[in-house]
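# Fold and geometry: a report
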Amino acid sequence: MTLSFNYEDTGDPICTHTMYGETEEELFKNAKEHGIQVHGYTEETWNKEITKNKEHFKNLIKRS
């Protein structure tokens with residue numbers, strides 16, 4: 001089963017990138033890499049963001 005979520009669904013008005021992973025751990029790892037490489041997050045700012053919003057992000061995960 002593949003898991004995914006789209007940044008646009010998280011409330012980001014600009015980014016429409018979709019992340020994929022076979023597990024939640026892999027999905028969030030891919031989201032973190034995208035956030036750091038494309039959106040300028042640092043390890044510290046990403047960890048704060050994910051801690052604050054992880055349940056919101058989990059609710060947006062699609063399974064296919």
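Rules used in this analysis
Residues numbered from 1 in each chain as written. Predicted model: local features only at pLDDT ≥ 70, side-chain atom pairs only at ≥ 80, totals over all residues. Heavy atoms only, no water. Pairing = 2+ DSSP bridges. Helix = DSSP H or I, 4+ residues; strand = E, 2+ residues; numbered from the N terminus. Contact = heavy atoms within 4.5 Å. Axes fitted to C-alpha atoms, helices over the stretch in contact; angles between N-to-C directions. Buried < 20%, exposed > 50% of the residue type's maximum accessible area, 1.4 Å probe, protein only. Polar contact = N/O pair within 3.5 Å; in protein donor to acceptor, adjacent residues only side chain to side chain. Phe/Tyr/Trp six-rings, centres within 6.5 Å; stacked < 30°, edge-to-face > 60°.

### Thoughts on the sheet that holds strand E3 (residues 62–63)
Read from one edge to the other, the open sheet built from three strands follows the order E2-E1-E3, with strand pairing classed as antiparallel. Of all the strands in the sheet, the pair left with one neighbour each is strand E2 (18–21) and E3. Bridge analysis of strand E1 (residues 3–6) against E3 gives two bridges, and the strand direction is antiparallel. Each bridged residue has a counterpart across the sheet, and for Leu-3 the counterpart in E3 is Arg-63. Running over the sheet, helix H1 (residues 24–39) touches E1, E2 and E3 and is turned about 145° from E2.

### Some thoughts on the environment of Asp-9
Relative to the helices and strands, Asp-9 resides in the loop between E1 and E2. On the basis of relative accessible area, Asp-9 is assigned to the partly exposed category, the value being 35%. Between the alpha carbons of Asp-9 and Phe-57 there is a distance of 8.9 Å; along the sequence they are 48 residues apart. Beyond its immediate chain neighbours, meaning those up to four positions away, Asp-9 contacts His-56, Leu-60 and Lys-62. Within the structure, Asp-9 has its side chain in polar contact with the side chain of Lys-62 (distance 2.8 Å).

### So, the packing of aromatic side chains
Across all of its chains, the model carries four aromatic pairs by this definition. For the ring pair Phe-5 and Phe-28, a centre distance of 6.0 Å and an interplane angle of 50° mean the geometry is tilted. Here Phe-28 lies in helix H1 and Phe-5 lies in strand E1, a separation of 23 residues in the sequence. Here the two residues Phe-5 and Phe-28 agree in accessibility, since each one is buried. Between the aromatic rings of Tyr-41 and Trp-46, the centroid separation amounts to 5.4 Å while the plane-to-plane angle is 85°, which identifies the pairing as edge-to-face. Taking relative accessible area as the criterion, Tyr-41 reaches 25% and is therefore assigned partly exposed. Joined through ring pairs, the aromatic side chains of Phe-5, Tyr-7, Phe-28 and Phe-57 make up one cluster.

### Things to note about the side chain of Thr-10
Here Thr-10 lies in the loop between E1 and E2. Since its relative accessible area comes to 18%, Thr-10 is described here as buried. One polar contact links the side chain of Thr-10 to the main-chain carbonyl oxygen of Tyr-7, over a distance of 2.5 Å. Beyond its immediate chain neighbours, meaning those up to four positions away, Thr-10 contacts Phe-5, His-56, Phe-57 and Leu-60.

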